[in-house]
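# Topology and contacts: notes
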Amino acid sequence: VIAKVNIGDKEYLADATDKHYPFGLLPERCLNGKGRLLGERESSWLNLKPSTSSRTVTLLTLALEAGGMMRGTLHTTYFGYDAIRKRADILSHQSQDDYIKDLGSSLQGITITGYELSNVDDPEKVIVRKLDVELEAFSNPETANFLFNPFLLDKWSANPFRSKERLYPVDFGVPLERVTVLTLQYPEGYEIVNVPEKIGLALPGGGGRFLLEVNNLDNKFIMNNSLSIRRTLYSSSEYHYLRELFNRILQVQNAELIFRKKI
């Protein structure tokens, strides 16, 4: 049971069972298509649609040092349903230090040296997480050619759509958006052998897209990649488009940059 609230000329759908949700945003479990509106004198069907999306924007800024270490900042902003999930995750720990400790164990190869969390206790605001990070690119400066996968974060380990065929629709619940911008400054004595080409993949009918843009100039490598799933429901006939989109994304994310020391 949820409530329909009229305030002025605006209508809100409200659920008060989860303290992490802001007013007017329904939990995903309530988004089941239609709900029956029961009034004192009338009854009708009401569409239950998400009023926002699951959106995360990540800015990763790194600098490669001559000794082989990369140091920089990881700045992540969580919006909508992603902010709700992240808030619940952080508050499920005894302290923010405990949350960062668990987070550090999940970031393979990345060490967190400092952090700042904003708006954790305010469900009406986005969650902002800023981390100071470092990772080792290579350990021997004498043989300093090395491989580096720029998809350090939000990398898909497997295609979520494994079956070749599907009889039922795919329901994402809420629209999805992931944006990641990597900026990597590297010394003048290095070059990147295989700079990736621009990629644009789209689902039919404007259902979603994956974009990859790369700029490599003056020893600064900038990569901007974004995934957008704009609709919540995809029919079984559209399933193979979704499956192929994620197959291509996996191929892109498994590619590594080759850094070579200039002679």
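Predicted model only: the values in this text are computed from it and were never measured. (Residues numbered from 1 in each chain as written. Predicted model: local features only at pLDDT ≥ 70, side-chain atom pairs only at ≥ 80, totals over all residues. Heavy atoms only, no water.)

## Observations concerning the layout of surface pockets
Taken as a whole, the largest pocket spans an internal volume of roughly 580 Å³. Lining the largest pocket are 29 residues, with Thr56, Leu153, Asp154, Lys155 and Arg178 positioned closest to its centre. Those elements giving two or more residues to the lining of the largest pocket turn out to be strand E5 (54-64), strand E6 (69-79), helix H1 (80-91), strand E11 (176-185), strand E15 (220-229) and helix H3 (239-253). With four residues, E11 is the largest single contributor of residues to the lining of the largest pocket. Partitioning the lining of the largest pocket into residue classes produces 16 nonpolar, six polar and seven charged. One number sums up the size of the second largest pocket: a volume of about 330 Å³. Taken together, 14 residues form the lining of the second largest pocket, with Gln108, Gly109, Asn149, Phe151 and Leu152 sitting closest to its centre. Residue assignment for the lining of the second largest pocket shows that the elements contributing at least two residues are strand E8 (127-136) and strand E9 (146-148). Here the residues of the lining of the second largest pocket are counted per class, giving eight nonpolar, four polar and two charged. (1 Å grid on protein atoms, 1.4 Å probe; cavity = no way out; pocket = protein on both sides within 12 Å on 5 of 7 lines; lining within 4 Å. Points joined across faces, edges and corners; volume = space filled by probe spheres on them. Helix = DSSP H or I, 4+ residues; strand = E, 2+ residues; numbered from the N terminus. Nonpolar A, V, L, I, M, F, W, Y, C, P; charged D, E, K, R; others polar.)

## Considerations on the packing of aromatic side chains
Counted under the stated rule, the structure contains 13 aromatic pairs. Residues Phe148 and Phe259 carry aromatic rings whose centres are separated by 6.4 Å and whose planes lie at 80° to one another, so their mutual orientation is edge-to-face. Taken together, the positions of Phe148 in strand E9 and Phe259 in strand E17 (residues 257-261) put the pair 111 residues apart, joining distant regions of the chain. Taking 5.7 Å as the distance between ring centres and 80° as the angle between the ring planes, the aromatic pair formed by Phe172 and Tyr234 counts as edge-to-face. In this pair, Phe172 sits in the loop between strand E10 (170-171) and E11 while Tyr234 sits in strand E16 (residues 233-234), placing the two residues 62 residues apart along the sequence. We note Arg36 situated over the ring of Trp45; from NZ or CZ to the ring centre the distance is 4.9 Å. (Phe/Tyr/Trp six-rings, centres within 6.5 Å; stacked < 30°, edge-to-face > 60°. Lys NZ or Arg CZ within 6 Å of the ring centre and 35° of its normal.)

## Things to note about H1
Helix length check: H1 (12 residues) gives 17 Å between terminal C-alpha atoms against 16 Å at 1.5 Å per residue, within 8%. Listed in full, the buried residues belonging to H1 are Tyr81, Asp82, Ala83, Ile84, Lys86, Arg87 and Ile90. Where the residues of H1 are buried, they touch E5, E6, helix H2 (96-106), strand E7 (111-118), E8 and E11. (Expected span 1.5 Å × (residues − 1). Buried < 20%, exposed > 50% of the residue type's maximum accessible area, 1.4 Å probe, protein only. Contact = heavy atoms within 4.5 Å.)

## Observations concerning unusual backbone geometry
The backbone of Asn119 sits at a positive phi, close to 70°, despite the residue not being glycine. Examined against the element boundaries, Asn119 turns out to sit in the loop between E7 and E8. When its relative accessible area of 29% is taken as the criterion, Asn119 is described as partly exposed. Positive phi is not limited to glycine here, since Asn219 has a value of about 60°. Position of Asn219 relative to the elements: it lies in the loop between strand E14 (208-217) and E15.

## Digging into the sheet that holds E15
In spatial order, the strands read E7-E8-E6-E5-E11-E15-E14-E13; together these eight strands make up an open sheet with mixed pairing. The sheet is open, and its two borders are formed by E7 and strand E13 (199-202), each paired with just one other strand. Averaged over all pairs of adjacent strands, the angle between strand axes in this sheet comes to 10°, irrespective of strand direction. The sheet contact formed by E7 and E8 spans seven bridges and is antiparallel. Note on E8: the bridge partner recorded for Ser118 is Val128. On the sheet, H1 packs against E5, E6, E7, E8 and E11 and is oriented at approximately 115° with respect to E6. This element, H3, spans E13, E14 and E15 of the sheet and lies at about 165° to E15. (Pairing = 2+ DSSP bridges. Axes fitted to C-alpha atoms, helices over the stretch in contact; angles between N-to-C directions.)

## Notes on a nonpolar patch on the surface
Together, Leu147, Val193 and Ile258 make up a nonpolar patch on the protein surface, roughly 240 Å² of accessible area in all. Position of Ile258 among the secondary structure elements: in strand E17. (Patch = residues over 30% accessible without salt bridge, like charges linked within 9 Å, V, L, I, M, F, W, Y side chains within 5 Å. Areas by Shrake-Rupley, 256 points an atom, 1.4 Å probe, with all protein chains shown as cover. Salt bridge = Lys/Arg side-chain N within 4 Å of Asp/Glu carboxyl O.)

## Things to note about the pattern of salt bridges
Throughout the structure, instances matching the rule amount to 13 salt bridges. The residue Asp15 makes a salt bridge to Arg29 at a minimum N-O spacing of 3.8 Å. Highlighted residues: Asp15 in the loop between strand E2 (10-14) and strand E3 (33-38) and Arg29 in the loop between E2 and E3, separated in sequence by 14 residues. Accessibility expressed as a relative area gives 14% for Asp15, which makes it buried.

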